[in-house]
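Single-letter residue listing:
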Amino acid sequence: MAEEAEGGVPEEILSLWEREQAQLKARVVDRDTEEWQREPAFSGLRRVGGVDLSFVKGDCARACASLVVLSYPELEVLFVDGNGVLHPRGFGVACHLGILTDLPCIGVAKKLLQMQLLHAGGDSFPLMGESRTVLGMALRSHDRSTNPLYVSVGHKVSLQTAVRLTHSCCRFRIPEPVRQADIRSREHIRRTLGLPAAPEPAPKRSQKVHPKGNLEETLD
């Protein structure tokens, strides 16, 4: 019987994943590559997507991945619920998706052991590795949220741009594309497992990122 690592994953599978991470890590681009990234108010950015993975409680074999694009016909940048280069092996899920899709990707994690006081929405501080390289930023995403987000480069975006865009897309603590992806993945799990459905949602809203970097929404 194959040995199992933490989380019930066989050691041979875990080793395969780690080798793939090491190979793909060399392809990560940690600088701005798109014209809209160089604009102070992100002029030209029209489509924002969010990726979330929801797991079935007590079930390590099933999960639901969700991609949400807010009111736009095609994709230009992905927010990922997880880390980019802010990762033990320097290659988190945001990097992996960025390499596979060749899209700018931003890792937005909700948990980290390191904490520091952030006073207002938009405040941030750097997170450094042992080499003193800045791997990510802790960001207070909203004035009404006291828990920071941990933003890192996934692919084809600079850390400074990733932090600014994350803040501009937060109506609440979590960037709206990721928040919507999380809602939908959890609802899919409830439906497919035959569990009681979530409360009826409010009227659908159409959402987009304004040229000035603010989220705009209207009732459908």
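All of these numbers come straight from a predicted model, not from anything done at the bench.

Draft legend 1. Region of the structure containing the overall build of the protein. If you tally the helices and strands in the protein, you get four helices and nine strands. Counting from the amino terminus, helix and strand elements in the protein follow one another as α-β-β-β-α-β-β-β-β-α-α-β-β. Residue burial in the protein is summarised as follows: out of 220 residues, 42% are buried. If you take every contact in the protein between residues at least 6 apart in sequence, the share linking residues at least 24 apart comes to 62%. Just so you have it, the protein exposes about 12,800 Å², and 53% of that area is on carbon and sulfur atoms.

Draft legend 2. Broad picture of the confidence of the model for the protein. On average, residues of the protein score 80 in pLDDT, and 80% of them reach the 70 mark or higher. When pLDDT is averaged over each element of the protein, strand E7 (residues 149–155) comes out on top at 96 and strand E9 (residues 215–219) at the bottom at 32. Within the model, pLDDT remains below 50 along residues 196–220, and this stretch shows 53 contacts once partners closer than five positions in the same chain are excluded.

Draft legend 3. Examining the nonpolar core more closely. Counting residues in each nonpolar core, the largest one holds 28 residues, and the members touching the most others are Leu45, Val77, Phe79, Ile106 and Leu165. At four residues, helix H3 (residues 159–168) tops the list of elements feeding residues into this core. Setting aside residues no more than four positions away along its own chain, Phe79 makes contact with Val48, Gly49, Gly50, Val51, Ile106, Val108, Leu165, Thr166, Cys169, Pro175, Pro177 and Val178.

Draft legend 4. Structural detail: the state of the cysteines. Counting across every chain of the model gives zero disulfides. The thiol of Cys105 is not disulfide-bonded; the next cysteine sulfur, from Cys95, is found 8.6 Å away. The closest cysteine sulfur to the non-disulfide-bonded Cys169 is located on Cys170, 7.1 Å from its own sulfur.

Draft legend 5. Here's a closer look at the environment of Pro148. Mapping Pro148 onto the fold places it in the loop between strand E6 (134–139) and E7. Remark: the alpha-carbon pair of Pro148 and Lys111, spanning 37 residues in sequence, is separated by 8.2 Å.

Draft legend 6. Local environment of the pattern of salt bridges. Under the counting rule described, the total for this entry stands at eleven salt bridges. Arg47 is the salt-bridge partner of Glu76, the closest N and O atoms lying 2.6 Å from each other. Taken together, the residues span a long stretch of sequence, with Glu76 in the loop between strand E2 (63–69) and strand E3 (77–80) and Arg47 in the loop between helix H1 (11–25) and strand E1 (48–55) at a distance of 29 residues.

Draft legend 7. Broad picture of the sheet that holds E7. Strand order in this open sheet of seven strands is E2-E1-E3-E4-E7-E6-E5, and the pairing throughout is mixed. The open sheet has two edge strands, E2 and strand E5 (124–128), and neither has a second partner. Adjacent strand axes in the sheet meet at a mean angle of 25 degrees when their direction is disregarded. Looking at chain direction, E1 and E3 are connected through four bridges and run parallel.

Draft legend 8. Local environment of unusual backbone geometry. Although it is not a glycine, Asp102 adopts a positive phi angle of roughly 60 degrees. You can see Asp102 is positioned in the loop between helix H2 (93–101) and strand E4 (105–109).

Draft legend 9. Looking closely at a nonpolar patch on the surface. A surface patch of nonpolar side chains, about 280 Å² in accessible area, is lined by Ile13, Leu16 and Trp17. Tracing the chain through its elements places Trp17 in helix H1. In this structure Trp17 comes out as partly exposed when scored by relative accessible area, which is 45%.

Draft legend 10. Focus on the pairing of E1. Across the eight residues of E1, six count as buried, placing the element largely inside the fold. Across seven bridges, the pairing between E1 and E2 is antiparallel. Looking at E2, one finds that Asp52 is bridged to Ser66.

What counts as what
Residues numbered from 1 in each chain as written. Predicted model: local features only at pLDDT ≥ 70, side-chain atom pairs only at ≥ 80, totals over all residues. Heavy atoms only, no water. Helix = DSSP H or I, 4+ residues; strand = E, 2+ residues; numbered from the N terminus. Buried < 20%, exposed > 50% of the residue type's maximum accessible area, 1.4 Å probe, protein only. Contact = heavy atoms within 4.5 Å. Areas by Shrake-Rupley, 256 points an atom, 1.4 Å probe, with all protein chains shown as cover. pLDDT = per-residue confidence, 0-100. Core = buried A, V, L, I, M, F, W, Y, C linked by side-chain atoms within 4.5 Å. Disulfide = S-S within 2.5 Å. Salt bridge = Lys/Arg side-chain N within 4 Å of Asp/Glu carboxyl O. Pairing = 2+ DSSP bridges. Axes fitted to C-alpha atoms, helices over the stretch in contact; angles between N-to-C directions. Patch = residues over 30% accessible without salt bridge, like charges linked within 9 Å, V, L, I, M, F, W, Y side chains within 5 Å.

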